[in-house]
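Survey of secondary and tertiary structure
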Amino acid sequence: MTQPLDIIPHGHKIKKADRARQKGHQSAVVWFTGLSGSGKSTIADATEQLLLSKNIHTYILDGDNVRMGLNSGLGFSQADRKENLRRIAEVAKLFADAGLVILSAFVSPMRVDREMVKNIVGSQDFVEVFVNTSLEECERRDVKGLYQKARRGEIANFTGIQSPYEAPQQPELIIETESCSPQEAAEKVVRYLIEKNIIKPL
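Quick summary incoming for the structure in this document. In this text the structure is predicted, and so the values were computed from the model without any measurement.

Calculation rules
Residues numbered from 1 in each chain as written. Predicted model: local features only at pLDDT ≥ 70, side-chain atom pairs only at ≥ 80, totals over all residues. Heavy atoms only, no water. Salt bridge = Lys/Arg side-chain N within 4 Å of Asp/Glu carboxyl O. Helix = DSSP H or I, 4+ residues; strand = E, 2+ residues; numbered from the N terminus. Buried < 20%, exposed > 50% of the residue type's maximum accessible area, 1.4 Å probe, protein only. Axes fitted to C-alpha atoms, helices over the stretch in contact; angles between N-to-C directions. Parallel < 35°, antiparallel > 145°, perpendicular 65-115°, else oblique. Left-handed = near helix turned anticlockwise from the far one by under 90°. Contact = heavy atoms within 4.5 Å. Nonpolar A, V, L, I, M, F, W, Y, C, P; charged D, E, K, R; others polar. 1 Å grid on protein atoms, 1.4 Å probe; cavity = no way out; pocket = protein on both sides within 12 Å on 5 of 7 lines; lining within 4 Å. Points joined across faces, edges and corners; volume = space filled by probe spheres on them. Pairing = 2+ DSSP bridges. Phe/Tyr/Trp six-rings, centres within 6.5 Å; stacked < 30°, edge-to-face > 60°. Lys NZ or Arg CZ within 6 Å of the ring centre and 35° of its normal.

1. Things to note about the pattern of salt bridges
When their charged atoms lie close together, side chains carrying opposite charge are able to pair. With the rule as written, the count across this model stands at eleven salt bridges. In this structure, Lys82 engages Asp113 in a salt bridge whose closest nitrogen and oxygen atoms are separated by 2.7 Å. Here Asp113 lies in helix 5 (residues 111-121) and Lys82 lies in helix 4 (residues 78-97), a separation of 31 residues in the sequence. For Lys82, a relative accessible area of 34% puts it in the partly exposed group. By relative accessible area, which is 7% here, Asp113 ends up buried. Glu154 is paired through a salt bridge with Arg152; the nearest N and O atoms lie 2.7 Å apart. Taken together, the salt bridges that share partners define one network made up of Glu83, Arg86 and Arg87.

2. Considerations on the packing of helix 2 (residues 40-52) against helix 8 (residues 182-195)
Relative to each other, helix 2 and helix 8 sit at 60 degrees, their axes nearing to 8 Å. Comparing the axis directions of helix 2 and helix 8 gives the class oblique. Considering the relative orientation of helix 2 and helix 8, their crossing is right-handed. In this structure, helix 2 uses Thr42, Ile43, Ala46, Thr47, Leu50 and Leu51 to contact helix 8, whose residues at the interface are Pro182, Gln183, Ala185, Ala186, Glu187, Val189, Val190 and Leu193. Among the residues making up the contact of helix 2 with helix 8, the classes are represented as ten nonpolar, three polar and one charged.

3. Digging into unusual backbone geometry
Despite not being glycine, Asn55 shows a phi value in the positive range, around 65 degrees. Note that Asn55 resides in the loop between helix 2 and strand 2 (58-62). Residue Asp142 is not a glycine yet carries a positive backbone phi of 35 degrees. You can see Asp142 is positioned in the loop between helix 6 (135-141) and helix 7 (146-151). On the basis of relative accessibility, which here comes to 12%, the residue Asp142 falls in the buried class.

4. Notes on the layout of surface pockets
Leftover empty space is mapped by rolling, across the atoms, a probe with the size of a water molecule. Considering only enclosed or pocket space, the largest pocket measures out at about 930 Å³ in volume. Residue lining of the largest pocket: 36 residues in total, with Ser36, Lys40, Asp64, Val107 and Lys144 positioned closest to the centre. Elements with a minimum of two residues in the lining of the largest pocket: helix 2, helix 3 (63-67), helix 4 and helix 7. If you tally residues by element for the lining of the largest pocket, the top one is helix 2, at four residues. Counted by class, the lining of the largest pocket contains 15 nonpolar, 13 polar and eight charged residues.

5. Digging into the sheet that holds strand 3 (residues 101-105)
Across a sheet, strands are paired by hydrogen bonds formed along the backbone, either parallel or antiparallel in direction. Taken together, five strands build an open sheet; the order of strands is 2-3-1-4-5 and the sheet is parallel. Of all the strands in the sheet, the pair left with one neighbour each is strand 2 and strand 5 (173-176). On average, adjacent strands in this sheet sit at an angle of 20 degrees to one another, irrespective of strand direction. Bridge analysis of strand 4 (residues 126-132) against strand 5 gives four bridges, and the strand direction is parallel. Looking across to strand 5, one finds that Phe130 is bridged to Ile174. Together, strand 1 (28-33), strand 2 and strand 3 form the strand contacts of helix 4, whose direction differs from that of strand 2 by roughly 180 degrees. Relative to the sheet, helix 5 contacts strand 1 and strand 4, its axis offset from that of strand 4 by approximately 155 degrees.

6. Looking at the packing of aromatic side chains
If you walk through the whole model with that rule in mind, you get five aromatic pairs. With centroids separated by 5.3 Å and ring planes inclined at 90 degrees, the aromatic side chains of Tyr59 and Phe95 adopt a geometry described as edge-to-face. With Tyr59 in strand 2 and Phe95 in helix 4, this residue pair connects regions lying 36 residues apart in the sequence. A residue is classified by how much of its surface remains accessible, and Tyr59, at 42% relative accessible area, is partly exposed. What makes Phe95 partly exposed here is its relative accessible area of 25%. Connected via pairs of aromatic rings, a cluster forms that spans Trp31, Phe106 and Phe126. Between the NZ or CZ atom of Arg67 and the centre of the ring of Phe76, over which it lies, the distance is 4.0 Å.

See the structure below:
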C-alpha cells in the first residue's frame, strides 16, 4: 500500500530498543494459527498467564474480540478476511514497537495471508505457532457450536468444512493439542522465547 505524499512520519526520540531495555525483554508477535476449536485462544491465555507471572509485558489479540471492535465492520468474504488480518498485523506491529510480547490467536487459514502478516510485522519479530489439531477433534470439541452450524449450512465458507485450511510449512513451533495440555503447550512456547533470547529464563 502506497503512502500519500503528504504523510511524513515524525522521528520520535524513544525507540524500540529503549523500550526493550526498560522492560527487560525483547518484543515479539507470537502468531497462533489453526482450525477453529484447535485451542489457539486457550493456549495464548495460558501463555500470557505464565509470562505475566514473571513480569513479562504482554497483550493478547484474539479473533472474536478484535471483530467486536476494531474490525466490527468486516464480514467473512475472502477480501474482508484479508483486511481483517492486515489490520491486526498493523496493530501487532505497533504493540511490538511498544515492547510487548503479543499473543495473536487467529485461524488465518491461508499461507499467503500469514506471509503478509509476517512481512508487516517483520520476520525478526514474528513467531508462527501451528496449533495442530485434527478436524475430527475440533468438531468433537465444537466449543462455540460453529461446526454444527457449518454442517447444517447456516455458516458459509467455514474453514475446514467449506473452505480450506493451509497448514504452515515451516512454523517456528508445532503444538499437538491432542497429546498435551494447554499448560504444557504454554510452557513449550515460553521455552522457545527463552531459547531465542526474546525473554530471559523465568
